[in-house]
Amino acid sequence: QVQLVESGGGLVEPGGSLRLDCAAAGDILVVHTMGWYRQAPGKQRELVAEITRSGSTNYEDSVKGRFTISRDNAKNTVSLQMNSLKPEDTAVYYCRAVVGVKSTYTSREFWGQGTLVTISS
């Protein structure tokens, strides 16, 4: 139905920057809220940042002032610019989107496959 494809993970030193991108494609009528979650080893998946279709944003406290989420409604994409990265940001990052599915006229959430972000010197 709908696929979310992430890109941009990798290894970076503490204090560095990375940008994650996610593109939604498929049977899409409209993409509502988009966001990024992360899951570190041995921990639960947690919200990092999310953005509504109108542009309202919400950030997890530890990333405020360091991460910026943005989206392009015309392209159904969401990005996460991550600056001043810390070792504790190491995790698998997942893209999530709430999508109005064209063929069913219902809304449901979709997840990307995850991209690994490693912060280490």
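In this report, we go over the structure that sits alongside the text. (Residues numbered from 1 in each chain as written. Predicted model: local features only at pLDDT ≥ 70, side-chain atom pairs only at ≥ 80, totals over all residues. Heavy atoms only, no water.)

### Things to note about the packing of aromatic side chains
Taken as a whole and judged by the stated rule, the model has one aromatic pair. Taking 5.0 Å as the distance between ring centres and 65 degrees as the angle between the ring planes, the aromatic pair formed by Y37 and W111 counts as edge-to-face. On the criterion of sequence distance, the pair formed by Y37 in strand β4 (residues 28-39) and W111 in strand β10 (residues 106-111) is long-range, its members being 74 residues apart. The ring of Y94 carries the charged tip of R45 above its face, separated from the ring centre by 3.7 Å. (Phe/Tyr/Trp six-rings, centres within 6.5 Å; stacked < 30°, edge-to-face > 60°. Helix = DSSP H or I, 4+ residues; strand = E, 2+ residues; numbered from the N terminus. Lys NZ or Arg CZ within 6 Å of the ring centre and 35° of its normal.)

### Focus: the nonpolar core
Nonpolar side chains tend toward joint burial in soluble globular proteins. Core analysis: the largest hydrophobic core is formed by 31 residues, its most contacted members being W36, L80, M82 and Y93. Within the residue set of this core, elements represented by two or more residues are β1 (2-7), β3 (18-26), β4, β5 (46-51), β7 (67-72), β8 (77-82), β9 (91-101) and β11 (115-119). Counting residues per element, this core draws most heavily on β9, at six residues. (Core = buried A, V, L, I, M, F, W, Y, C linked by side-chain atoms within 4.5 Å. Buried < 20%, exposed > 50% of the residue type's maximum accessible area, 1.4 Å probe, protein only.)

### Brief notes about the state of the cysteines
For the structure on display, the rule yields one disulfide. With its sulfur 2.1 Å from that of its partner, C22 forms a disulfide with C95. Between C22 and C95 the sulfur-sulfur dihedral comes to about -80 degrees; the bridge is accordingly left-handed. Residue C22 is located in strand β3, and its partner C95 is located in strand β9; the two are separated by 73 residues in the primary sequence. (Disulfide = S-S within 2.5 Å.)

### Considering the sheet that holds β1
The strand order across the open sheet built from four strands is β1-β3-β8-β7, with neighbouring strands paired in antiparallel fashion. The open sheet is flanked by β1 and β7, the only strands paired with a single partner. For this sheet the average axis-to-axis angle between neighbouring strands, irrespective of direction, equals 15 degrees. Bridge analysis of β3 against β8 gives six bridges, and the strand direction is antiparallel. (Pairing = 2+ DSSP bridges. Axes fitted to C-alpha atoms, helices over the stretch in contact; angles between N-to-C directions.)

### Side note on the side chain of T115
Mapped onto the elements of the fold, T115 is located in strand β11. Overall, T115 belongs to the buried group, its relative accessible area being 12%. At 3.3 Å, the side chain of T115 and the backbone nitrogen of G9 are in polar contact. Once you skip the residues sitting within four places of it in the chain, T115 turns out to touch E6, G9, L20, A91, V92 and Y93. (Polar contact = N/O pair within 3.5 Å; in protein donor to acceptor, adjacent residues only side chain to side chain. Contact = heavy atoms within 4.5 Å.)

### Overview of the pairing of β8
Within a regular beta strand, the side chains point alternately toward one face of the sheet and then the other, so they alternate between its two faces. Across six bridges, β7 lies against β8 in antiparallel orientation. Bridge pairing in β8 places I69 opposite L80.

### What about the environment of A25?
One can find A25 in strand β3. Given the relative accessible area of 39%, A25 is considered partly exposed. Considering only alpha carbons, one finds A25 and Q1, 24 residues apart in sequence, at a separation of 8.5 Å. For A25, the residues in contact, after removing those within four places along its chain, are Q1, V2 and Q3.

### Section: the pattern of salt bridges
Counted under the stated rule, the structure contains seven salt bridges. The partner of D21 in a salt bridge is R19, with the nearest N and O atoms 3.2 Å apart. Looking at D21, the relative accessible area reads 27%, which means it is partly exposed. In this structure, the salt-bridge partner of E60 is R38, at a minimum N-O distance of 3.8 Å. Here the residue E60 occupies a position in the loop between β6 (57-59) and β7, and R38 occupies one in strand β4, the gap between them amounting to 22 residues. The exposure class assigned to E60 is partly exposed, which follows from its relative accessible area of 24%. Residues joined in a network through salt bridges with shared partners are R38, E46, E60, R66 and D89. (Salt bridge = Lys/Arg side-chain N within 4 Å of Asp/Glu carboxyl O.)

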